[in-house]
Amino acid sequence: MTLSALQDKITNKEATVAIIGLGYVGLPVACMFAKAGFKTLGVDIDQARVDKINQGINPIEGIEPGLSELVQSVTETQNLTCTTDYAMLADADVITISVQTPVDSDHQPRYEHLKSALTTLGNVLSADTLVIIESTLSPGTMTRIVQPTLEASSGLQAGTDFYLGHCPERVMPGRLLHNIQMMNRVIGGLTPEIAKVMTTFYQQIVQGDLDTTDVLTAELVKTTENAYRDVQIAFANEVAQICEDVGADVWELRQLVNKSPGRNMLYPGAGVGGHCIPKDPWLLISSATHSTPSLIPTARAVNASMPQHVLHLTENALSKHGIALKDAKIVALGYAYLENSDDTRNSPSEAFVQVTRSAGAEVCIHDPYVPAYQQSLDDMVHNADALVILVAHDMYKTLDWQSLLSTMRTTIIVDSRNVIDALPATIEADFVRLGSQK
């Protein structure tokens, strides 16, 4: 089948679409192509997840507008079916891959999940199939790893026997469907002709701009945009600590700075989490062979230090009451990396809990969206010495602080996410806010 014939098949919604990896990226993508009228196959190694989806159940917790209803709808119509069997991919016309691409302790890319998916796919890959990698990649990975792995396992040649491209995702928990539909996308094709067919494919579900380029530039765009954000957050976190030193309020400062044209100071906080931002800066610079990046690693170090800084604020507050950290009971509010989400990947809260427990403190964890931590908050705060807000879940913005504080042993609140503007005057508590001494 020629590229032109594949393009016609996509336009007429006669193409069979397959999605490898049914997590925060793959599941909503699969659902949207199924909703658009394509027979869609979802493939994942997690049998329990596959079973849930086939039953019409959304396995992603948290506030995710429209996703649960969409999962139910597309499975009822059988436009979306899911499996753990890669052999079923042999009949697919377009296959997208959305699997983890983490970095190791030395900040080097780890592509075990991707290589496994590529090798298993290659064993059943049919000629004339379009394969698109949506996972975020270090620059050069498409030609250095993806293409040769698929070619070796399939016996086919990219660009001749099958088609290959890279379209990095731009989603975030809480806005999965919205971002897939409305965000601009970068289409990196192994050839311009492949990029054109990829554009036709994504036009079926994306209303944003679809900008075509080569695979290397597509890799660079995604890693650069997340490294940029990491650097900007590090700037906000460093300014927050300066404000603490001099007795100012970073939250007021941020509002005033952003009134100046061209300024957009981001929010400081307990750290940076999620699947992308903590690792993508390392993916970007891992391919540098002659240059020696310094700003990006420094920003990573600043953001990685913030859970320890929040612990420092907590320890200072406890010391004012004569309480040593090793003798304290601390309640951590929020374990996901993002508000109103269940996504705990690279969560700063996890780092905070680890360093706090290592210091000898008792730590209880509450999160309304993470199943392991959904216990009663009222019971948890009994005899606690400090509440530390680590995630700005909506639930924490409407808490009855008077009731919660009434059962605590020591009434300390540490707010690292600006959830509380100010406690009512009727509430007696030590209130510490990151980036402020006001």
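Right, let's walk through the structure included here. (Residues numbered from 1 in each chain as written. Predicted model: local features only at pLDDT ≥ 70, side-chain atom pairs only at ≥ 80, totals over all residues. Heavy atoms only, no water.)

Description of the overall build of the protein chain
A tally of helices and strands in the protein chain yields 17 helices and 13 strands. Rg of the C-alpha trace for the protein chain: 24 Å, near the compact-globule value of 22 Å for 438 residues, within the 12% margin. By the burial criterion, 55% of the 438 residues in the protein chain qualify as buried. As displayed, the protein chain offers around 18600 Å² of accessible surface, 49% of which is attributable to carbon and sulfur atoms. (Helix = DSSP H or I, 4+ residues; strand = E, 2+ residues; numbered from the N terminus. Rg over C-alpha atoms; globule rule 2.2 N^0.38 Å. Buried < 20%, exposed > 50% of the residue type's maximum accessible area, 1.4 Å probe, protein only. Areas by Shrake-Rupley, 256 points an atom, 1.4 Å probe, with all protein chains shown as cover.)

Some thoughts on the sheet that holds strand 3 (residues 80-83)
With mixed pairing, eight strands are arranged side by side in an open sheet as 3-2-1-4-5-6-7-8. Edge strands, defined here as strands with exactly one partner in the open sheet, are strand 3 and strand 8 (210-214). Taken over all neighbouring pairs, the strand axes of this sheet differ in orientation by 25° on average, direction set aside. Two elements, strand 1 (residues 17-20) and strand 4 (residues 94-97), share four bridges in a ladder whose sense is parallel. Bridge pairing links I19 to T96 in strand 4. Packing against the sheet, helix 9 (residues 215-246) makes contact with strand 6 (163-166), strand 7 (185-189) and strand 8, and its axis sits at approximately 120° to strand 8. (Pairing = 2+ DSSP bridges. Axes fitted to C-alpha atoms, helices over the stretch in contact; angles between N-to-C directions. Contact = heavy atoms within 4.5 Å.)

Notes on the pattern of salt bridges
Going through the model one piece at a time under the given rule, you end up with 13 salt bridges. Here E134 and R185 are joined by a salt bridge, their closest N and O atoms 3.2 Å apart. Of this pair, E134 sits in the loop between strand 5 (130-133) and helix 6 (141-154) while R185 is found in strand 7, placing the two residues 51 residues apart along the sequence. The pair formed by E134 and R185 is uniform in burial state, with each residue classed as buried. Linking K397 and D394 is a salt bridge whose minimum nitrogen-to-oxygen distance equals 3.6 Å. A residue pair is termed a helical-turn pair when its members lie 3 or 4 positions apart in one helix, as K397 and D394 do in helix 16 (residues 394-397) at three residues. Residue classification places D394 among the partly exposed positions, given a relative accessible area of 38%. Overlapping salt bridges bring together D249, D421 and R433 as one network. (Salt bridge = Lys/Arg side-chain N within 4 Å of Asp/Glu carboxyl O.)

Considerations on the environment of L176
In this structure, L176 sits in helix 7 (residues 176-182). Spatially, the C-alpha atoms of L176 and V29 are 8.9 Å apart, while their sequence positions differ by 147 residues. Other than its neighbours up to four places away in sequence, L176 contacts Y24, P28, I60, E64, L67 and V171.

Considering the packing of helix 1 (residues 3-11) against helix 8 (residues 192-202)
Direction vectors running N to C along helix 1 and helix 8 enclose 10°, while the axes themselves pass 9 Å from each other. Considered as vectors, helix 1 and helix 8 are oriented roughly parallel to each other. Across the interface between the two elements, L3, L6, Q7, I10 and T11 from helix 1 touch E193, I194, K196, V197, T200 and F201 from helix 8. Each residue belonging to the contact of helix 1 with helix 8 can be placed in one class, and the counts come to six nonpolar, three polar and two charged. (Parallel < 35°, antiparallel > 145°, perpendicular 65-115°, else oblique. Nonpolar A, V, L, I, M, F, W, Y, C, P; charged D, E, K, R; others polar.)

Quick notes on the nonpolar core
Counting 46 residues, the largest nonpolar core has I10, L80, L130, I132, F201 and Y202 as the members making the most contacts within it. With seven residues, helix 2 (residues 26-35) is the single largest residue contributor to this core. What L80 contacts, discounting residues up to four positions off in sequence, is A30, C31, A34, T40, L41, G42, I53, V74 and T75. M265, V310, L311 and V363 belong to the second-largest nonpolar core, a separate cluster that totals 33 residues. (Core = buried A, V, L, I, M, F, W, Y, C linked by side-chain atoms within 4.5 Å.)

Re the side chain of D280
Looking at the element boundaries, D280 is found in helix 11 (residues 280-286). Once residues lying within four places of it in the same chain are set aside, the contact partners of D280 are T136, K222, T223 and N226.

A closer look at helix 13 (residues 306-319)
Over its 14 residues, helix 13 runs 20 Å from end to end, which matches the ideal 20 Å to within 8%, given 1.5 Å per residue. Among the residues of helix 13, those classed as buried are M306, P307, H309, V310, L311, L313, T314, A317 and L318. (Expected span 1.5 Å × (residues − 1).)

Let's talk about the packing of aromatic side chains
All told, the structure shown has six aromatic pairs when counted by the stated rule. Judged by centre distance (5.8 Å) and plane angle (80°), the rings of F33 and F38 are edge-to-face. The residues F33 and F38 share a single accessibility class, namely buried. Consider the rings of Y335 and Y373, whose centres lie 4.8 Å apart with planes at 55°: the pair is tilted. On the criterion of sequence distance, the pair formed by Y335 in the loop between strand 9 (329-333) and helix 14 (348-358) and Y373 in the loop between strand 10 (362-366) and helix 15 (377-380) is long-range, its members being 38 residues apart. With a relative accessible area of 12%, Y335 lands in the buried category. (Phe/Tyr/Trp six-rings, centres within 6.5 Å; stacked < 30°, edge-to-face > 60°.)

Observations concerning the pairing of strand 11 (residues 386-389)
Of the two faces of strand 11, both are covered, the one formed by A386 and V388 as well as the one formed by L387 and I389. Here four bridges tie strand 9 to strand 11, and the two strands are oriented parallel to one another. By the bridge assignment for strand 11, I330 is matched with A386. With four bridges connecting them, strand 11 and strand 12 (residues 412-415) associate as parallel partners. In the strand pairing of strand 12, I389 is matched with D415.

A look at unusual backbone geometry
One non-glycine residue, N340, adopts positive backbone phi at about 60°. Phi is positive for N418, close to 55°, though the residue is something other than glycine. Looking at the element boundaries, N418 is found in the loop between strand 12 and strand 13 (430-433).

Observations regarding the environment of K35
By the secondary structure assignment, K35 is in helix 2. Using a relative accessible area of 64% as the deciding quantity, one classes K35 as exposed. Leave out the neighbours within four places in its chain, and K35 touches L70 and V74.

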